[in-house]
Amino acid sequence: MYKLPQQWQCVEFSKLHVGGITLFPFIIAKSKQYFRDKKFVNHEHIHLRQQLELLLLPFYALYLLNYCINLVKYRNHQKAYLNICFEREAYKHEGNEIYLSKRKPFAWIHYL
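All figures in this text were calculated on a predicted structure; none of them were measured in a lab.

(A) The arrangement of the side chain of H93 in detail. For H93, the location among the structural elements is in helix α4 (residues 85–93). Residue classification places H93 among the buried positions, given a relative accessible area of 14%. Leave out the neighbours within four places in its chain, and H93 touches N42, I46, Y99 and Y111.

(B) Region of the structure containing the pattern of salt bridges. On inspection of all chains with the given rule, the structure shows 2 salt bridges. We note a salt bridge from R103 to E53, for which the minimum N-O separation is 2.7 Å. Here R103 is found in the segment after α5 (99–102), whereas its partner E53 is found in helix α1 (residues 38–53), with 50 residues between them in sequence. E53 shares its class with R103; the two are buried.

(C) Region of interest: the packing of aromatic side chains. Counting across every chain of the model gives 9 aromatic pairs. Between Y34 and F40, the ring centres sit 5.2 Å apart and the planes meet at 55°, which makes this aromatic pair tilted. With relative accessibility at 10%, the residue F40 sits in the buried group.

(D) Here's a closer look at the pairing of strand β4 (residues 26–29). Alignment of strand β2 (residues 9–12) against β4, held across 4 bridges, turns out to be parallel. Following the sheet pairing, E12 is matched in β4 by A29. Two strands pair when backbone bridges link them, and strand β3 (residues 20–23) and β4 are joined in this way by 4 bridges, in the antiparallel orientation. By the bridge assignment, I21 is partnered in β4 with I28. Counted between consecutive antiparallel strands, the loop separating β3 from β4 contains 2 residues.

(E) Structural context of the state of the cysteines. Per the counting criterion, the structure on display carries 0 disulfides. We note that C68 lacks a disulfide partner, and the nearest cysteine sulfur, in C85, lies 13 Å from it.

(F) Representation of the nonpolar core within the structure. With 9 residues, the main nonpolar core is built from L54, F59, Y67, A80, I84, C85, F86, W108 and Y111. Elements with a contribution of two residues or more to this core: α2 (57–74) and α4. Sequence-distant contacts of I84, defined by excluding residues within four places in its chain, comprise Y63, N66, Y67 and N70.

(G) Geometry of the layout of surface pockets. Volume-wise, the largest pocket comes out at about 610 Å³. Looking at the lining of the largest pocket, the elements with two or more residues in it are β3, α1, α2, α3 (77–82) and α4. For the lining of the largest pocket, the element with the highest residue contribution is α1, accounting for 6 residues.

Cut-offs and rules
Residues numbered from 1 in each chain as written. Predicted model: local features only at pLDDT ≥ 70, side-chain atom pairs only at ≥ 80, totals over all residues. Heavy atoms only, no water. Helix = DSSP H or I, 4+ residues; strand = E, 2+ residues; numbered from the N terminus. Buried < 20%, exposed > 50% of the residue type's maximum accessible area, 1.4 Å probe, protein only. Contact = heavy atoms within 4.5 Å. Salt bridge = Lys/Arg side-chain N within 4 Å of Asp/Glu carboxyl O. Phe/Tyr/Trp six-rings, centres within 6.5 Å; stacked < 30°, edge-to-face > 60°. Pairing = 2+ DSSP bridges. Disulfide = S-S within 2.5 Å. Core = buried A, V, L, I, M, F, W, Y, C linked by side-chain atoms within 4.5 Å. 1 Å grid on protein atoms, 1.4 Å probe; cavity = no way out; pocket = protein on both sides within 12 Å on 5 of 7 lines; lining within 4 Å. Points joined across faces, edges and corners; volume = space filled by probe spheres on them.

This is the structure we're talking about:
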């Protein structure tokens, strides 16, 4: 387990089928190398903020609902995933290390 700033916990789980996932308060990655990638860590921190402002369960429900709607719309897993409003915000700003310090609450709404 690795500590990150802001009290978040990083966990390595080699059997993960994706590079990483955030389940508050954990960032889980397939290998340690992901935690050295600033874009990856920033992307996951954005998800942590999204989860906090929606009080966790509503985040997961909205995430799944948005994915299902996108899956019907695009009929493609990758397109459906990349067009989830939470992912769109995180991917757009993952390279901006100061984004979270300037981010307004519920900014993900602009990506619906």
